[in-house]
Amino acid sequence: TRDLTIKRGGAYPSDHHHYLASEPPPRPGELTVGEVECRFLVREEGDEPQFAALPAIPDMYVDTAVSSFPGDARDPSHHFLPVSEHWLKRFLNTWKDEGVFPALEGVASNPDLTGSSVQGMVSWVLAGRRWADAAFTKLLAHKSTLTAKEMVTQLSPIPDWENSPVRAMDLHPRLPYIALARQDDAIEIRDLSGMEPGIVLRDRDQSLVTCLQWAPHANSLLAVGSKVGVLLWFVDPSQPACRFLTSWVRVETSPGHVPVATISWSPCANYLVSGSPADTNLVVWDVPMGVATRVCRTEGGGVNLVAMAPRGGRVLAGSVGGVLRVWETGNWTCEKWTNTSEARCQVACWSPDGDFLLFALHGDPALYYLCFRGNSTAGSVSAVKCADLSPCAYRDDSGHEPIVVGGAVQSMAWDSTGERLAIIFTEESPGHNLVAVLRTKISTVVEVLPGGYVRGEGGDIPQMVTFQRNCCHGALLATAWLSGRVSFTPLLFTHLPSSLLPSFPIPPSLHQSQLYSTYNEPEYY
């Protein structure tokens, strides 16, 4: 057994009031247009863009209302007369759709059963459930009696998952398309140019959609995590003549592994790894064979985060109980870190070469990284704190009130060049209506450097961010906002050798605190 310490390192100044960005963020009424060589360009709302150097990609808008299509059972036009449903039938339908305890809650609140023996028995069952939940929540955190929707809402990297019109999104790795999961559990595939009509994917098993991801090096395979398991959609958006006729779906399920809250593809798309907050085990899906294999572990609670290294070989699994595991995918052994602060890993990103794992802890305004260079699974002895994201105030000479930005990380994304990092802060943090875009430099360490900010329209709040993979001449940042708007921010920069990038001096006194302890243990299927 050895201790894994969190130590201060990387590159950030001792005065964090000028860490996140070297210039003040855009003020209300201003929109971020993009970046050109570390300079962020803004314009007033309502003005036309006047920057010829930046490519213009039109914004997309997702309807905030739950939409319906002709023939859809949710279309109110098909219900001509009110239907009085028997309480038993309603109980069975709710049990099938939402689970046994929501169904029992419906019986307990049914006014038609007031004073009946059925309602009395149900009340006793619910009271026993509440007592058991209070007694065993700490012991069996991953077996909490929260409903699937409550678990997803609590653990999602999206700040306001329940009200967000876009609940998941991913840019196609090879084609100019984006997949969007809507609030009504439909999946839209849209052309970035806005010239072609979108594709809408629906299935009766596609409920409570939590995540989606295009398969790398494949044009037509999209994985979707949902309440029932993993859905594999086969659709080719580049064939407009036949795409509506060739789209089909395969549903993969594993007992007890629901809801699927996180998924990650292997680089060759031959298998998919998924995690569920209600299951302590990972599930590895052999896509060609249609076989699911469980990687069994019991400590740490359910899995809220999985992330495959871009070049394969390693996969991160973060648990709700604050345990991090990095698996080696050859023989499926792992190294485990136990978090003494019991803060779960909120979000994590791999560097493009897969040698560094950058992560943030729930409620902690800082970024850390582990180094795996030259090792199979054994990470660095120390996890390095490379960025202090504590709130900082920006003042200018205009006399306006200072803008305060910073706090704990809710979500983040790292572009495929390893030079731009986009961060969304928690709802409780100041400046949560901004996206912080930081510069990063990868050498023998990960250095995080000041960048800029992206502001939306009319005080809109960002919900999630993602980058276009393999983007030429910089990076393309896609941001989904609470209003249903999806914006695209081009970040144009030149790749410089590490020796030419500026960096801040590391303070001589490094603050070390015991946060993690680690040991190697064999892990098997």
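Structure first, text after, so check above.
Keep in mind it's a predicted model, so treat the numbers as computed, not measured. (Residues numbered from 1 in each chain as written. Predicted model: local features only at pLDDT ≥ 70, side-chain atom pairs only at ≥ 80, totals over all residues. Heavy atoms only, no water.)

Side note on the sheet that holds strand 5 (residues 166-171)
Note on sheets: strands pair through backbone hydrogen bonds, and any given pair is parallel or antiparallel.
Phase 1 of the analysis: Taken together, the 4 strands give an open sheet; going across it, the order is 5-6-7-8, and neighbouring strands pair in antiparallel fashion. A strand with exactly one partner marks an edge of an open sheet, and here the two such strands are strand 5 and strand 8 (199-201). Direction aside, the axes of adjacent strands within the sheet are offset by 20 degrees on average. (Pairing = 2+ DSSP bridges. Helix = DSSP H or I, 4+ residues; strand = E, 2+ residues; numbered from the N terminus. Axes fitted to C-alpha atoms, helices over the stretch in contact; angles between N-to-C directions.)

Some details on the pairing of strand 24 (residues 383-388)
Phase 1 of the analysis: In terms of residue burial, strand 24 counts as a mostly covered element, since 5 of its 6 residues are buried.
Phase 2 of the analysis: Sheet topology note: the strand 23 (residues 366-371)/strand 24 ladder contains 4 bridges and is antiparallel. Its bridge partner being in strand 24, Ala 366 is matched across the sheet by Asp 388. (Buried < 20%, exposed > 50% of the residue type's maximum accessible area, 1.4 Å probe, protein only.)

With respect to helix 4 (residues 148-155)
Phase 1 of the analysis: Along helix 4, the positions that sit buried rather than exposed are Ala 148, Met 151, Val 152 and Leu 155. The buried side chains of helix 4 occupy one side of the element, clustering within an arc of 95 degrees when seen end-on.
Phase 2 of the analysis: Turning to helix 4, the residues buried within the fold contact strand 17 (303-308). (Arc of directions from axis to C-beta. Contact = heavy atoms within 4.5 Å.)

Observations regarding a nonpolar patch on the surface
Phase 1 of the analysis: A grouping of Leu 88, Leu 92 and Trp 95 is seen on the molecular surface, where their side chains present a nonpolar patch of about 300 Å² in accessible area.
Phase 2 of the analysis: Tracing the chain through its elements places Trp 95 in helix 1 (residues 87-98).
Phase 3 of the analysis: On the accessibility criterion, Trp 95 (45% relative accessible area) is partly exposed. (Patch = residues over 30% accessible without salt bridge, like charges linked within 9 Å, V, L, I, M, F, W, Y side chains within 5 Å. Areas by Shrake-Rupley, 256 points an atom, 1.4 Å probe, with all protein chains shown as cover. Salt bridge = Lys/Arg side-chain N within 4 Å of Asp/Glu carboxyl O.)

Description of the nonpolar core
Inside soluble globular proteins, nonpolar side chains tend to come together where they are buried.
Phase 1 of the analysis: Counting 29 residues, the largest nonpolar core has Leu 20, Leu 367, Leu 389, Met 412 and Ile 423 as the members making the most contacts within it.
Phase 2 of the analysis: Here Met 412 is in contact with Val 347, Ala 348, Cys 349, Leu 358, Phe 359, Ala 360, Leu 367, Leu 421, Ala 422, Ile 423 and Val 465, once residues within four sequence places are set aside. (Core = buried A, V, L, I, M, F, W, Y, C linked by side-chain atoms within 4.5 Å.)

Points about the sheet that holds strand 11 (residues 230-234)
Phase 1 of the analysis: One open sheet accounts for 4 strands, arranged 9-10-11-12; its pairing is antiparallel. In the strand order of this sheet, the two ends are held by strand 9 (211-214) and strand 12 (248-252), each with one partner. On average, each strand axis in the sheet is tilted by 20 degrees relative to the strand beside it, whichever way the strands run.
Phase 2 of the analysis: The pairing of strand 11 with strand 12 spans 5 bridges and is classified as antiparallel. If you follow Leu 231 over to strand 12, its bridge partner there is Val 251.

Some remarks on the packing of aromatic side chains
Phase 1 of the analysis: Under the defined criterion, the tally for this structure stands at 7 aromatic pairs.
Phase 2 of the analysis: Centre to centre, the rings of Trp 327 and Trp 332 are 6.1 Å apart; their planes meet at 55 degrees, and the pair counts as tilted.
Phase 3 of the analysis: Classification of Trp 327 as buried rests on a relative accessible area of 2%.
Phase 4 of the analysis: Judged by centre distance (5.8 Å) and plane angle (80 degrees), the rings of Tyr 394 and Tyr 453 are edge-to-face. Of this pair, Tyr 394 sits in strand 25 (residues 392-394) while Tyr 453 is found in strand 30 (residues 446-455), placing the two residues 59 residues apart along the sequence. Accessibility classification places Tyr 394 together with Tyr 453 in one group, the buried group.
Phase 5 of the analysis: Above the ring of Trp 161, the side-chain terminus of Arg 167 is found at 3.8 Å from the ring centroid.
Phase 6 of the analysis: The residue whose ring lies beneath Arg 420 is Phe 493, and the NZ or CZ to ring-centre distance is 4.0 Å. (Phe/Tyr/Trp six-rings, centres within 6.5 Å; stacked < 30°, edge-to-face > 60°. Lys NZ or Arg CZ within 6 Å of the ring centre and 35° of its normal.)

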